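# Structure at a glance
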Amino acid sequence: SYQNALISEYRLLPWESDALGDCPENDRKVDILVALDEFANESPVAQLLLDVLSAPAEYDLARIEAAKIIGIYVHEQCPLCQPLRQQVWHVFANGDDDTLVRQHASQRIEVGFGGDDEQQIVERILFDDAEDESVRHGAFNYLKTTPDRDFAKRLCQRLRNDSYWRRFENAISDIENI
């Protein structure tokens, strides 16, 4: 099939190639993932997405594309839905991972896939002044979607007292009023 041919081509390209930077092989990886996006819920494509996102030394733009595809196209019927969404959380939570990849993953996290310490991860990232600003904003966005409104409202009180977050008073109020 068309999808299997593209997957095979991707797997024949140099793996964990982030150190190669911008080169034709890495550009092709991104092109292949873009071509596969509409097939993201098929097992072989989903497995490739999981493999790409799970490899910290893989080309960062390919990993970003994988995170984007997972966030936009993967649905509950995908056989790898849970591990894919958990891997997005893992990238988001891992401060040692590539910052640009983490920024994109932070925009794709979903409630219920961050494990037992999901709320602690969000809280840690929100209030870590050394954390990347875009990643922190991904954690902030989580507060809009969590069904645990008590958790969100408790953090809103802390956000108002935080030197970084206090300037976002309107957004904090919006979260409290959900």
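Relevant structure appears above.
Residues numbered from 1 in each chain as written. Predicted model: local features only at pLDDT ≥ 70, side-chain atom pairs only at ≥ 80, totals over all residues. Heavy atoms only, no water.

### Here's the deal with the overall build of the protein chain
Across its full length, the protein chain carries 10 helices and 0 strands. Mapped in sequence order, the helices and strands of the protein chain form the string α-α-α-α-α-α-α-α-α-α. A globule of 178 residues ought to have a C-alpha radius of gyration of about 16 Å, and the protein chain, at 18 Å, matches this closely. The principal-axis extent of the C-alpha atoms belonging to the protein chain is close to 55 × 35 × 25 Å. Every one of the 178 residues in the protein chain was classed for burial, and the buried ones make up 48%. Here the analysis covers contacts within the protein chain between residues at least 6 apart in sequence; of these, 59% occur between residues at least 24 apart. A total of about 8700 Å² of accessible surface is found on the protein chain, and carbon and sulfur atoms cover 47% of it. Within the protein chain, one finds 18 positive and 34 negative side-chain charges whose respective centroids are separated by 7 Å. (Helix = DSSP H or I, 4+ residues; strand = E, 2+ residues; numbered from the N terminus. Rg over C-alpha atoms; globule rule 2.2 N^0.38 Å. Buried < 20%, exposed > 50% of the residue type's maximum accessible area, 1.4 Å probe, protein only. Contact = heavy atoms within 4.5 Å. Areas by Shrake-Rupley, 256 points an atom, 1.4 Å probe, with all protein chains shown as cover. Lys, Arg positive; Asp, Glu negative; His and termini not counted. Charge placed at Lys NZ, Arg CZ, Asp CG, Glu CD.)

### Thoughts on the packing of helix H6 (residues 99-106) against helix H8 (residues 133-145)
Between H6 and H8, the least distance of the axes is 8 Å, while the angle of their chain directions is 20 degrees. By the criterion of interaxial angle, the relationship of H6 to H8 is roughly parallel. Seen along the crossing, H6 lies across H8 with a hand that is left-handed. Touching Arg102, Gln103 and Ser106 of H6 are Ser134, Val135 and Gly138, all from H8. Considered class by class, the residues forming the contact of H6 with H8 number 1 nonpolar, 4 polar and 1 charged. (Axes fitted to C-alpha atoms, helices over the stretch in contact; angles between N-to-C directions. Parallel < 35°, antiparallel > 145°, perpendicular 65-115°, else oblique. Left-handed = near helix turned anticlockwise from the far one by under 90°. Nonpolar A, V, L, I, M, F, W, Y, C, P; charged D, E, K, R; others polar.)

### Let's talk about a negative patch on the surface
Side chains of Asp22, Glu25, Asp27 and Asp31 sit close together on the surface and give a patch of like negative charge. Relative to the elements of secondary structure, Asp31 occurs in helix H2 (residues 24-36). (Patch = residues over 30% accessible without salt bridge, like charges linked within 9 Å, V, L, I, M, F, W, Y side chains within 5 Å. Salt bridge = Lys/Arg side-chain N within 4 Å of Asp/Glu carboxyl O.)

### Observations regarding the packing of helix H4 (residues 60-73) against H6
Taken N-terminus to C-terminus, the directions of H4 and H6 make an angle of 5 degrees; their axes are 9 Å apart at the nearest point. With respect to each other, H4 and H6 are oriented roughly parallel. Across the interface between the two elements, Asp60, Arg63 and Ile64 from H4 touch Leu100, Val101 and His104 from H6. The residue makeup of the contact of H4 with H6, split by class, is 3 nonpolar, 1 polar and 2 charged.

### Re the environment of Leu13
Checked against the element boundaries, Leu13 lands in the loop between helix H1 (2-12) and H2. Residues Leu13 and Lys29 lie 16 residues apart in sequence; the distance between their C-alpha atoms is 7.7 Å. When sequence neighbours within four positions are dropped, the list of residues in contact with Leu13 reads Glu25, Arg28, Lys29 and Ile32.

### Notes on the pattern of salt bridges
If you walk through the whole model with that rule in mind, you get 13 salt bridges. Between Arg85 and Glu76 there is a salt bridge; the shortest N-O distance is 2.6 Å. On the basis of relative accessible area, Glu76 is assigned to the exposed category, the value being 53%. Linked by salt bridges that have partners in common, Glu76, Arg85 and Glu110 make up one network.

### Re the side chain of Arg102
Tracing the sequence through the fold places Arg102 in helix H6. The exposure class of Arg102 is buried, given its relative accessible area of 3%. Not counting the four nearest positions on each side in its chain, Arg102 is found in contact with Val91, Phe92, Ala93, Asn94, Gly95, Asp97, Ile125, Glu131 and Val135.

### Some remarks on helix H5 (residues 81-93)
The terminal C-alpha atoms of H5, which comprises 13 residues, lie 18 Å apart, in line with the 18 Å expected from a rise of 1.5 Å per residue. Those residues of H5 that sit buried are Cys81, Leu84, Arg85, Gln87, Val88, Trp89, Val91, Phe92 and Ala93. Contacts made by the buried residues of H5 are with helix H3 (43-54), H4, H6, helix H7 (118-126) and H8. (Expected span 1.5 Å × (residues − 1).)

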